[in-house]
Amino acid sequence: MSDTVSDDRNGQNGPPDSPRGLRRELEHYRLVVEEMRRRIRSLEDELEAASTMAEVPSVVVTRPELRNTLGRLVKKVAMIIQAEKVLLLLHQPDTGSLDVLPPALGITEEQANAINIHADEGVSGWVFQNRESVVFNDALNDPRTLKHLVSLLAVRNGVCVPLVIKQRDEEERLVDERVIGVMHVFNKRFDEDFGNEDMRLLEMLAEQAAAVISNAQLYIQLTEAKEELEDAFESIHVGVIVVNREGVIRLLNPAAAGMLELRDGDYSGQAMCDALPPGQVRDLIEVTLDTGEERTVEISMGDDRRVYQAQTTLMKREDEGGVESVVAIFNDITEIRRVERMKTAFVSTVSHELRTPLTSIKGFISTLLEDDEGMYDEETRREFLIIINEECDRLTRLISDLLNISKIESGRGLELQLSDVDVGQLIRRVAANHQPYTKKHEIVAEASDDLEPIRADADKLTQILDNLVGNAVKYSPNGGTVRIVATNEDGTVRLDVIDQGLGIPERHREHIFQRFHQVDDDIDHRSISGTGIGLYLVQHLAHAHGGKVWLESSEVGEGSTFSLRLPKDPEKVIEQRAD
Ligand code: ADP
């Protein structure tokens, strides 16, 4: 104190007991008291600053936590420095700007949103580039300040310090320094000016703030990346199990739990032999751990015998090279195997379907050729020729279906030859073509009077109806009426093919448009030959026309109705689809 306030009680200004001397003495003590107050205030501030930092949690792991911590921090800064406003700006390396890191104190959200500072402009830019603090007490006239911000935030004066992250080694020696942004305080309270003391304090606070921000950002990035990974594991359909070399589960995602019919829950930390039921999965992981060899096997599980391709991968320790854990991945390939089985069955079905008409054609032709003696009368010979003709038609239809399927499978579209088609005429022709092949059925075509021509590929439309009507006849072994009904519906043409046949068991209804699908578990259906590609093809042909086909209704033993809706102009619909 004696350094700061001079003691002149015994000076030349008169004896101490005179009134002048007393006044002087009083003045002296007033100054001493004031100095003491100042020192106390400054010590209190330092204490405050230290406790502020002690309050800052060492690990901030979420964005709201960071916001809360910074909220407390800027309040304390304002209190300690006696400033009206506090603003944190973070450098964005990708845009080169200094962006507001909320929450700012004494600054509205609207004002904060309007702040747009590049890292090389204004006081903030200078402080950021030069890593040096700045005090300015006449914001309006100071050439360094950005005037639009001065007026936006009504700044009178301020201090700006860099936010520096300092990296130190074990002996607290500085090894690296990085500036991540700046901290501003504006408008010293009680109309005072900011001084170097404020700057020194703010630098101290800023160092702590920078550490909090950078640690938090690291943690946040880490936790968010971890959460993203966990979400991905949670949602993928592939089963994933990770087991460490002590046999403890590190991860078991819901798909794996479902596959093993385990209850939903967190299995990490549990011993594999307690958590997983004995069986192929446990064996596979154990063998991989024991032998240190990665494996790929096929396993089937569950009551419905789903098939999985299981693959184990070893994660090794970087230092020792030993096995750290096993990652087992389970891919459900039931559907792939099913289609493969169906494909194999399809090849033999098609061979059979081709051979049957060929055998019959060859049989009748040989019979006719061998009939040198004219055993068969004219009428019988004609019947033979009709059968040959029908079988040829059957072959042609089958081959045409196969060709179209191969086009679809190879990704080549079904090209349409569009023309104006009179649907009424077309369905009458289809009915007339099918009638000669059956005596048990009556095939009728009913077209409403207001039917207008539509743009369609007449051959492909015929192919659709040939399949639907062919099925209607085929799957009505006891005969009945097959109706083909064409009507206008909401600017489209609707076609219904209605039969009184076997109907389709409910469990098959949603699958019958899938390729190779056949009702193979029903004796009546099984006794009727087919390839399982007809409806699949019909669906593709309808789609190529911008239309749709569906099973409208079906009752076992009472019949089925297949419906088809076609737009009047497929080109328009297909264009819209492409958009
Ligand atoms: P398929 O060559 O076997 O007839 P489709 O793809 O045309 O192949 O039909 C698939 C399956 O749907 C058929 O195997 C049959 O069981 C059933 N199905 C199709 N149409 C009818 C129908 N009108 N009535 C009953 N079952 C049908």
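Please read these numbers as outputs of a predicted model, since none were measured by experiment.

Caption draft 1: How the structure looks around the pattern of salt bridges. What the rule picks out here adds up to 26 salt bridges. With a closest N to O distance of 2.7 Å, Arg-306 and Asp-332 form a salt bridge. One end of the pair, Arg-306, is in strand S10 (residues 306-316); the other, Asp-332, is in strand S11 (residues 323-332), with 26 residues separating them in the sequence. Under the relative-accessibility criterion, Arg-306 is labelled partly exposed at 30%. Among the residues examined, Asp-332 registers a relative accessible area of 32% and is labelled partly exposed. Note that Asp-521 and Arg-507 form a salt bridge whose closest N and O atoms lie 2.9 Å from each other. Separated by 14 residues along the polypeptide, Asp-521 in the loop between helix H14 (506-509) and helix H15 (523-526) and Arg-507 in helix H14 bring together distant segments of the chain. Linked through salt bridges whose partners overlap, the residues forming this network are Glu-489, Arg-494, Asp-496, Glu-552 and Arg-565.

Caption draft 2: Quick look at the packing of helix H13 (residues 458-474) against helix H16 (residues 534-544). The geometry of H13 relative to H16 is characterised by a closest axis approach of 9 Å and an angle of 145 degrees between their N-to-C directions. In this structure, the crossing between H13 and H16 has a hand that is left-handed. On H16, the residues that touch Lys-460, Gln-463, Ile-464, Asn-467, Leu-468 and Asn-471 of H13 are Gly-534, Leu-535, Leu-537, Val-538, Leu-541 and Ala-542. Taken together, the residues that form the contact of H13 with H16 break down as seven nonpolar, four polar and one charged.

Caption draft 3: Looking closely at the site of the ligand. Neighbouring the ligand are 20 residues, the closest being Asn-471, Tyr-475, Gln-518, Thr-531 and Leu-535. Side-chain polar atom of Asp-499 to a nitrogen atom of the ligand: 2.9 Å apart, as the coordinates give it. A distance of 3.1 Å separates an oxygen atom of the ligand from a polar backbone atom of Gly-532. With the chains in place, 97% of the 530 Å² that the ligand exposes on its own is no longer accessible. Counting only elements with at least two residues in the shell around the ligand, the list comes to H13, H16 and strand S18 (559-567).

Caption draft 4: Quick peek at the pairing of strand S6 (residues 174-188). One ladder, built from seven bridges, connects strand S1 (residues 83-92) with S6; its direction is antiparallel. Counterpart to Leu-89 in the pairing with S6 is Val-182. The pairing of strand S5 (residues 158-168) with S6 spans 11 bridges and is antiparallel. When the bridges of S6 are listed, Arg-168 appears paired with Leu-174.

Caption draft 5: Expanded view of the sheet that holds S5. Ordered in space as S3-S2-S1-S6-S5-S4, the six strands form an open sheet in which the pairing is antiparallel. Of all strands in the sheet, those with a lone pairing partner are strand S3 (117-118) and strand S4 (134-136), marking the two edges. Judged from the two bridges that link them, strand S2 (residues 97-100) and S3 form a sheet pairing that is antiparallel. Note on S3: the bridge partner recorded for Leu-98 is Ile-117. Contacts between helix H4 (residues 122-130) and the sheet are confined to S1, S2, S3, S4, S5 and S6, with S6 contributing the most and set at about 160 degrees to the helix.

Caption draft 6: Main features of a negative patch on the surface. On the surface, a cluster of negative charge is contributed by Glu-227, Glu-228, Asp-231, Glu-234, Asp-264 and Asp-266. Checked against the element boundaries, Asp-266 lands in the loop between helix H7 (254-259) and helix H8 (272-275). Given the relative accessible area of 61%, Asp-266 is considered exposed.

Caption draft 7: Representation of the packing of aromatic side chains. With the rule as written, the count across this model stands at four aromatic pairs. With centroids separated by 4.9 Å and ring planes inclined at 50 degrees, the aromatic side chains of Phe-364 and Phe-384 adopt a geometry described as tilted. With a gap of 20 residues between them, Phe-364 in helix H10 (residues 334-370) and Phe-384 in helix H11 (residues 378-409) connect regions that are remote in the sequence. Residue classification places Phe-364 among the partly exposed positions, given a relative accessible area of 22%. Arranged with centres 5.2 Å apart and planes meeting at 65 degrees, the rings of Tyr-376 and Phe-384 form a pair that is edge-to-face. Classification of Tyr-376 as partly exposed rests on a relative accessible area of 27%. The exposure class assigned to Phe-384 is buried, which follows from its relative accessible area of 12%. When the ring centre of Trp-550 is taken as reference, the NZ or CZ atom of Lys-548 above it lies at 5.1 Å.

Caption draft 8: How the structure looks around the packing of helix H2 (residues 63-81) against helix H6 (residues 196-235). Between H2 and H6, whose axes approach to 10 Å, the crossing angle comes to 180 degrees. When the axes of H2 and H6 are compared, the pair comes out roughly antiparallel. Residues Arg-63, Leu-66, Thr-69, Leu-70, Leu-73, Val-77, Ile-80 and Ile-81 of H2 form the contact with H6, whose participating residues are Asp-198, Leu-201, Leu-202, Leu-205, Ala-209, Val-212, Ile-213, Ala-216, Ile-220 and Glu-224. Taken together, the residues of the contact of H2 with H6 sort by class into 14 nonpolar, one polar and three charged.

Caption draft 9: Seen up close, the sheet that holds strand S9 (residues 296-301). On the basis of which strands lie adjacent, the open sheet formed by five strands has the order S8-S7-S11-S10-S9 and antiparallel pairing. Unpaired on one side and paired on the other, strand S8 (249-252) and S9 mark the two borders of the sheet. When the angles between neighbouring strand axes are averaged without regard to direction, this sheet yields 20 degrees. Across three bridges, the pairing between strand S7 (residues 239-244) and S8 is antiparallel.

Caption draft 10: The layout of surface pockets, seen in detail. Volume-wise, the second largest pocket comes out at about 540 Å³. Around the second largest pocket sit 19 residues that line it, and Leu-90, Ser-214, Gln-217, Leu-218 and Gln-221 are the ones nearest its centre. Elements represented by at least two residues in the lining of the second largest pocket include exactly H2, S1, S6 and H6. For the lining of the second largest pocket, the element with the most residues is H6, which contributes six residues. Each residue belonging to the lining of the second largest pocket can be placed in one class, and the counts come to 10 nonpolar, six polar and three charged.

Definitions and limits used
- Residues numbered from 1 in each chain as written.
- Predicted model: local features only at pLDDT ≥ 70, side-chain atom pairs only at ≥ 80, totals over all residues.
- Heavy atoms only, no water.
- Salt bridge = Lys/Arg side-chain N within 4 Å of Asp/Glu carboxyl O.
- Helix = DSSP H or I, 4+ residues; strand = E, 2+ residues; numbered from the N terminus.
- Buried < 20%, exposed > 50% of the residue type's maximum accessible area, 1.4 Å probe, protein only.
- Axes fitted to C-alpha atoms, helices over the stretch in contact; angles between N-to-C directions.
- Left-handed = near helix turned anticlockwise from the far one by under 90°.
- Contact = heavy atoms within 4.5 Å.
- Nonpolar A, V, L, I, M, F, W, Y, C, P; charged D, E, K, R; others polar.
- Near = heavy atom within 4 Å.
- Polar contact = N/O pair within 3.5 Å; in protein donor to acceptor, adjacent residues only side chain to side chain.
- Areas by Shrake-Rupley, 256 points an atom, 1.4 Å probe, with all protein chains shown as cover.
- Pairing = 2+ DSSP bridges.
- Patch = residues over 30% accessible without salt bridge, like charges linked within 9 Å, V, L, I, M, F, W, Y side chains within 5 Å.
- Lys, Arg positive; Asp, Glu negative; His and termini not counted.
- Charge placed at Lys NZ, Arg CZ, Asp CG, Glu CD.
- Phe/Tyr/Trp six-rings, centres within 6.5 Å; stacked < 30°, edge-to-face > 60°.
- Lys NZ or Arg CZ within 6 Å of the ring centre and 35° of its normal.
- Parallel < 35°, antiparallel > 145°, perpendicular 65-115°, else oblique.
- 1 Å grid on protein atoms, 1.4 Å probe; cavity = no way out; pocket = protein on both sides within 12 Å on 5 of 7 lines; lining within 4 Å.
- Points joined across faces, edges and corners; volume = space filled by probe spheres on them.

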